[in-house]
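Residue-level structure breakdown
Chain by chain, the residues run as shown.
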Amino acid sequence: QVQLVESGGGLVQPGGSLRLSCAASGIIFRIANMNWYRQAPGNQRELVASIGSGGSTNYADSVKGRFTISRDNVQNTIYLQMNSLKTEDTAVYYCNAKYLTHRMNDSWGQGTQVTVSS
C-alpha cells in the first residue's frame, strides 16, 4: 500500500521559515522522481519543486532562491526547506511520487497546510 505522509506545515509570519517532510512507503523510493506541489484557494495545483532519483532539482520561478528540496534515500523521505516565506506562499502543500515500472506510478499525499500571515 502506497503512503506519502506530509508533516511540518503550520502558521508562520512573513520572512519566516518552515521545513516540510514527506515520508514514503510502499513505493520504489530510490527510482522515484519526488515532487512538492501546492494549491491555494481558488488556484490550480502548481509544481513547486522536484528532485530526481539522481538528486537533480528543479524549482518554480516563484520559489527559486528561497526553497530547497532534498531527499534521504535511506529514510525514504523528502524535505522542503522554505525560507523567506511570503503571504503568497500560503497553500496546501502536497507530496507526489512518480516512477516507472511496468506502468507509470503517480501517488499523492494528503497535504499539509502552510499559512504565512502576520
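Here's what I pulled together on the structure shown here. (Residues numbered from 1 in each chain as written. Predicted model: local features only at pLDDT ≥ 70, side-chain atom pairs only at ≥ 80, totals over all residues. Heavy atoms only, no water.)

Bringing unusual backbone geometry into the picture now. Despite not being glycine, N76 shows a phi value in the positive range, around 55°. Structurally, N76 can be placed in the loop between β7 (67-72) and β8 (77-82). Of the residues examined, N76 reaches a relative accessible area of 25% and is grouped as partly exposed. Positive phi values are uncommon outside glycine, yet S84 reaches one of about 50°. Along the chain, S84 falls in the loop between β8 and β9 (91-100). (Helix = DSSP H or I, 4+ residues; strand = E, 2+ residues; numbered from the N terminus. Buried < 20%, exposed > 50% of the residue type's maximum accessible area, 1.4 Å probe, protein only.)

We describe a pair of aromatic rings using the distance from one ring centre to the other and the angle between the two ring planes. For the coordinates displayed, the defined rule picks out 1 aromatic pair. On the basis of an interplanar angle of 55° and a centroid distance of 4.8 Å, the ring pair of Y37 and W108 is categorised as tilted. A residue pair is termed long-range when its members are at least 10 positions apart, and Y37 in strand β4 (residues 33-39) and W108 in strand β10 (residues 104-108) qualify at 71 residues. Of the residues examined, W108 reaches a relative accessible area of 33% and is grouped as partly exposed. The residue whose ring lies beneath R19 is Y79, and the NZ or CZ to ring-centre distance is 4.0 Å. (Phe/Tyr/Trp six-rings, centres within 6.5 Å; stacked < 30°, edge-to-face > 60°. Lys NZ or Arg CZ within 6 Å of the ring centre and 35° of its normal.)

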